[in-house]
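Structural description and commentary
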Amino acid sequence: MSSTDLGMPTTAPDGVGFLRGSEPFPAAAHRALADTQLRRNLGHATRTIRAKRAGVVAEVPDWEELRRAGEAIKADTMARLPELLEQLEASVTARGGVVHWARDATEANAIVAGLVRDTGADEVVKVKSIATQEIGLNEALAEQGITATETDLAELIVQLSDDRPSHFLVPAIHRNRSEIRDIFLRAMPGVDPDLTDDPRRLAMAARAHLRRKFLSARVAISGANFAAADTGTISVVESEGNGRMCLTLPDTLITVMGVEKVVPRWSDMEVFLQLLPRSSTGERMNPYTSTWSGVTPGDGPQTFHLVLLDNGRSNVLASEDGRSALHCIRCSACLNVCPVYERTGGHAYGSVYPGPIGAVLSPQLTGISGPDDPNASLPYASSLCGACFDACPVRIDIPNLLVQQRAASIAAHRTPTAQDLAMRTVAAAMVSPGRFRAAERVLGLGRFAGRSGRIRFLPYPGSQWTSARDAPAPPAETFRQWWKRTRS
Amino acid sequence: MRIALVATCLGDAMFPQALKATVEILERLGHEVVFPSDQTCCGQMHVNTGYLDMALPLVRHHVEVFADAAEVAVAPSGSCVGCVRHQHAMVARRGGDEDLARAAEDLAGRTYELSELLVDVLGVTDVGAYYPHRVTYHPTCHSLRMLRVGDKPLRLLRAVRGLHLVELPDAEVCCGFGGTFAVKNAEVSTAMLADKMANVLTSGAEVCTAGDSSCLMHIGGGLSRLRSGVRTVHLAEILASTEDGTPARDIVFDTTEVGEGKGVHP
């Protein structure tokens, strides 16, 4: 973003990266719901993580205060994001790093590909990063003849099976261990043909495969969990140690970071390092927290590039109703507690950002082109049960954001849809007591439809109800009629 | 106390039993219930489907009808009260009507869900009810997480004579209703309903109760389709039931199947 770049913030470009699926949520969910293995894997995994999270959150006496602190830091950050980013740039530069600004996925991919090419490497190792999946970096690098190897175990599983991640924390949550064994046997070079589905054996196979990559790679690519503007310190929080290998062994480190990941102060980490692990993996503290500030001579990568990615984030920031979606620290607690996510999994959302937070973030990053835009269906992928807000470590009011994004979806209708017209008719009836009573009388005729009190079939769109549920026949008398008959 | 009844559009048209029961409880406790006859709908369906502009006149109408109707207002619905309390002012402000937003906030502060009114405002947990059945309670999402009614409904139920309260496994998970979600994402809604029904059946209850007719319509509609032998009854109706009164029978999907007070155990 150059200083002369004025005008409206842009959205993420079409056709680059993975922020939009190819079909509306209900169609994708239809397939997911029928996949019994997926349902079993997801149900088991989310239930386990939910229980772990509930246990470790309950033992923190000031959890609510921590959530409020996290919320306040994020709100402060968004209120002065441009200033903090410039401060971050200055801090990183002062410590020997090089900062790049990418307006969108296309620019970010070009910057990273150029940086890798400049090193002469044709292979890179990657730390788990959702931002680089958002922009389709691996695919863009492949087009330039550069092979990117995912080193997080679950990301490796996803990559080896030509699959897509379905969860922030556990990208292969939709797979069980016997499926993982099959994937390794099929796609992992040099794997032991007698590999079993014992978790330890699977981990050892991945370790042997990855060690070769770690020791030969000259360039690593990471994302970032946090970046402190005052010290220029970037941090990555992980469980497996693969991140630590990538962040310390190669000569060159390239970090791609969404601009919303900046926090004002190094001391803010105190809050987030308490909130994130407990919300995410259900651990008191994650095993590996790596932090680095620019370049340290003789220790770790000697060249460090930080790519600051917008890709629609300024568009989200510009929306008063929607900007709190940028507060997300990608813990995935909202996914794990969401009854919709638990049943459909992440692929049904199309975007790399699934679940409740994805349903409000993806449409804002891409913008909504009209009623047929798959992302227009995402805000409706929720019963508004509110479990996501209760679980969110930074108190993002996701149910309210869902309602606001539903309004945004409707605002994108250029001509009224059938639903728009129906809602308009109902609203017109409901604003007038006379018309409302008349409508009730018409509805009352419906009781003849179910003489036994049970209605087993209704025409569309009522058929969407009676596909699985009986509908009650209207009562012989409305409450209003009863009140009038008995009280006046 | 003079209490205005918010009938809710769904309750008025489809589930009058829960409203009659609400009137009965409050009058039995010595209060005066008024029914402002111009009331229509709180606008929740429009708000939650994203039609915030269309909801504005509905919010204005609701506030006009109830602002001076009584000291407090009550609805036997967690979700309608949730809309009044957490969404009306937002809709008004978004529509640029600050006066309406303030009036909506004032009314919201005096609008209660039934269990809140009974326990917090009127200070009673024993409403003199008698209901000799095995009952499980489903805490509806908006009661639980929008209004934070907590254990108020359970305290009311525990004080009902003859009632055997049984625990609902995974009680706090959504039943899958979600308003227009139930038709816009009917299949996911059904998948959620399947698990809720399984838990209701596991509980061994003959009656599943809740504070929202809408969620009960969903759960009860599924239980009826499966001929499960478990029925759904609104909390108000249980609390209105007495030894000499008529037994509660709210959401009846088949009168020939569900006999009065003769639920079949699964």
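None of these values were measured; they are calculated from a predicted model. (Residues numbered from 1 in each chain as written. Chains lettered and ligands numbered in written order. Predicted model: local features only at pLDDT ≥ 70, side-chain atom pairs only at ≥ 80, totals over all residues.)

1. Brief notes about the overall build of chain A
- From N to C terminus, chain A includes 22 helices and 12 strands.
- Compactness check: chain A gives a C-alpha radius of gyration of 25 Å against a globular reference of 23 Å for 488 residues, within 12% of the reference.
- Reported as C-alpha extents along the three principal axes, the dimensions of chain A are approximately 90 × 60 × 50 Å.
- Buried positions account for 52% of the 488 residues belonging to chain A.
- Considering only contacts within chain A whose residues lie at least 6 apart along the sequence, 76% involve residues at least 24 apart. (Helix = DSSP H or I, 4+ residues; strand = E, 2+ residues; numbered from the N terminus. Rg over C-alpha atoms; globule rule 2.2 N^0.38 Å. Buried ≥ 20, exposed ≤ 12 C-beta atoms within 10 Å, placed from the backbone. Contact = placed C-beta atoms within 7 Å.)

2. A few points about the overall build of chain B
- Counting its secondary structure elements, chain B contains 14 helices and 8 strands.
- Expected size for 266 residues packed as a compact globule is a radius of gyration near 18 Å; at 18 Å, chain B falls within 12% of this value.
- Along the longest, intermediate and shortest principal axes, the C-alpha atoms of chain B span 55 × 45 × 30 Å.
- Residue pairs at least 24 apart in sequence account for 78% of intrachain contacts in chain B once pairs closer than 6 positions are excluded.

3. Here's the deal with the packing of helix α4 (residues 52-66) of chain B against helix α7 (residues 98-108) of chain B
Residues and elements named next belong to chain B.
- Orientation of α4 relative to α7, taken along the N-to-C sense of each, is 55 degrees, at an axis distance of 10 Å. Regarding the angle of α4 to α7, the classification is oblique. In this structure, α4 crosses over α7, and the sense of that crossing is left-handed. From α4, Val-59, Arg-60, Val-63 and Phe-66 reach across to α7, where they touch Leu-100, Ala-103, Ala-104 and Leu-107.
- Of the residues contributing to the contact of α4 with α7, the split by class is 7 nonpolar, no polar and 1 charged. (Axes fitted to C-alpha atoms, helices over the stretch in contact; angles between N-to-C directions. Parallel < 35°, antiparallel > 145°, perpendicular 65-115°, else oblique. Left-handed = near helix turned anticlockwise from the far one by under 90°. Nonpolar A, V, L, I, M, F, W, Y, C, P; charged D, E, K, R; others polar.)

4. A few points about the confidence of the model for chain B
All names here are of chain B.
- Across chain B, the average pLDDT comes to 93, with 92% of residues at 70 or higher.
- Contacts from residues 255-266, a stretch scored under 50 in pLDDT, to residues over four places away or in other chains number 22 contacts.
- If you check the scores for this complex, the pTM reads 0.94 and the ipTM reads 0.94. (pLDDT = per-residue confidence, 0-100.)

5. A closer look at the domain arrangement of chain A
- Looking at chain A, the domain boundaries give domain 1 (25-313) and domain 2 (418-487).
- Using only C-alpha atoms to locate each centre, domain 1 of chain A and domain 2 of chain A end up separated by 51 Å. (Domains from an automatic or database assignment.)

6. A few points about the interface of chain B and chain A
- Facing 57 residues of chain B, the contacting portion of chain A comprises 50 residues.
- Elements with a contribution of two residues or more to the side of chain B that touches chain A: α1 (9-14), α2 (16-28), α3 (44-49), α4, α9 (141-146), α11 (181-184), α12 (186-203) and α13 (213-225) of chain B.
- Among the elements that make up the side of chain B that touches chain A, the one with the highest residue count is α12(B) (7 residues).
- Counted by class, the side of chain B that touches chain A contains 31 nonpolar, 18 polar and 8 charged residues.

7. Quick word on helix α18 (residues 398-411) of chain A
- Along its 14 residues, α18(A) runs 19 Å from first to last C-alpha, staying within 8% of the 20 Å computed at 1.5 Å per residue.
- Buried residues dominate α18(A), accounting for 12 of its 14 residues.
- Where α18(A) is buried, its residues touch α14 (333-337), α16 (355-366) and α17 (387-391) of chain A together with α3 and α4 of chain B. (Expected span 1.5 Å × (residues − 1).)

8. Quick look at the UniProt feature "domain: LUD" (unreviewed entry) in chain A
- On the UniProt side, "domain: LUD" (unreviewed entry) is annotated at positions that read residues 85-295 of chain A here.
- Structurally, residues 85-295 of chain A comprises 44% helix and 19% strand, and the distance from its first C-alpha atom to its last is 19 Å. (UniProt positions renumbered as here; feature names shortened; annotations may be inferred.)

9. Overview of the sheet that holds strand β3 (residues 147-150) of chain A
All names here are of chain A.
- Pairing in this open sheet of 6 strands is parallel, and the strands run β1-β10-β7-β4-β2-β3 from one edge to the other. Looking along the sheet, the strands with just one partner apiece sit at the ends: β1 (98-102) and β3. Here the average twist between neighbouring strands, direction ignored, is 25 degrees.
- Alignment of strand β4 (residues 219-222) against strand β7 (residues 252-258), held across 4 bridges, turns out to be parallel. Paired with Ala-220 across the two strands is Leu-253, which belongs to β7. (Pairing = 2+ DSSP bridges.)

10. Quick notes on the pairing of strand β5 (residues 134-137) of chain B
All names here are of chain B.
- Looking at chain direction, β5 and strand β6 (residues 164-166) are connected through 3 bridges and run parallel. Each bridged residue has a counterpart across the sheet, and for Val-135 the counterpart in β6 is Leu-165.
- Where β5 and strand β7 (residues 207-210) come together, 3 bridges link them in parallel fashion. Across the sheet, residue Val-135 finds its bridge partner in β7, namely Val-207.

11. Some points on the environment of A:Gly114
All names here are of chain A.
- Among the secondary structure elements, Gly-114 is positioned in helix α5 (residues 105-119).
- A tally of 11 C-beta atoms within 10 Å means that Gly-114 is categorised as exposed.
- Along the backbone, Gly-114 and Gln-144 are 30 residues apart, and their C-alpha atoms lie at a distance of 9.3 Å.

12. What to know about the UniProt feature "domain: Cysteine-rich" (unreviewed entry) in chain B
All names here are of chain B.
- Under the UniProt annotation, "domain: Cysteine-rich" (unreviewed entry) lies at residues 4-82 and 135-219.
- The span residues 4-82 is 57% helix and 11% strand, and its two end C-alpha atoms sit 17 Å from each other.
- Strand forms 12% of residues 135-219 and helix 49%; the C-alpha atoms that close the span are 14 Å apart.

13. Considerations on helix α2 (residues 36-58) of chain A
Residue and element names in this part refer to chain A.
- Compared with an ideal rise of 1.5 Å per residue, which puts 23 residues at 33 Å, α2 spans 33 Å between its outermost C-alpha atoms and is within 8% of the ideal.
- Of the residues making up α2, those classed as buried are Leu-38, Asn-41, Leu-42, Ala-45, Thr-46, Ile-49 and Arg-53.
- Where α2 is buried, its residues touch α1 (25-34), α12 (269-280), α14 and α15 (339-344).

14. Some words on the packing of α12(B) against α13(B)
Residue and element names in this part refer to chain B.
- Direction vectors running N to C along α12 and α13 enclose 75 degrees, while the axes themselves pass 10 Å from each other. Between α12 and α13, the angle falls in the class roughly perpendicular. In this structure, α12 uses Leu-193, Lys-196, Met-197 and Val-200 to contact α13, whose residues at the interface are His-218, Ile-219, Gly-222 and Leu-223.
- Tallied by class, the residues present in the contact of α12 with α13 amount to 5 nonpolar, 2 polar and 1 charged.

15. A few points about the sheet that holds strand β6 (residues 233-238) of chain A
Residues and elements named next belong to chain A.
- Across the sheet, which stays open at both edges, the 4 strands sit in the order β8-β5-β6-β9 with mixed pairing between neighbours. At either margin of the open sheet sits one strand with a lone partner, and together these are β8 (262-263) and β9 (288-293).
- As judged from the 6 bridges shared by β6 and β9, these two strands associate in the antiparallel manner. Bridge assignment links Glu-238 to a residue of β9, and that residue is Tyr-288.

16. Quick notes on unusual backbone geometry
- Backbone torsion omega between A:Tyr460 and A:Pro461 reads 0 degrees, so that peptide bond is classified as cis.
- Within the chain, A:Ser332 stands out as a residue other than glycine whose phi angle is a positive 80 degrees.

17. Here we look at the domain arrangement of chain B
All names here are of chain B.
- When its domains are assigned, chain B resolves into domain 1 (2-121) and domain 2 (134-240).
- The straight-line distance from the C-alpha centre of domain 1 to that of domain 2 is 22 Å.
- Taken together, the contact between domain 1 and domain 2 spans 26 residues of the former and 22 residues of the latter.
- Breaking the side of domain 1 that touches domain 2 down by element, the ones donating at least two residues are α1, α2, α3, α5 (78-86) and α8 (114-121).

18. What about the environment of B:Arg231?
- Within the fold, B:Arg231 resides in strand β8 (residues 231-234).
- Distance from B:Arg231 to B:Thr209, taken between C-alpha atoms, is 8.6 Å for residues 22 residues apart in sequence.

19. Regarding the environment of A:Arg343
- Secondary-structure assignment places A:Arg343 in helix α15.
- For the pair A:Arg343 and A:Asp397, spaced 54 residues apart in the sequence, the C-alpha separation amounts to 22 Å.
- Sequence-distant contacts of A:Arg343, that is, excluding residues within four places in its chain, are made with A:Leu33, A:Arg39, B:Val188, B:Ala191 and B:Met192.

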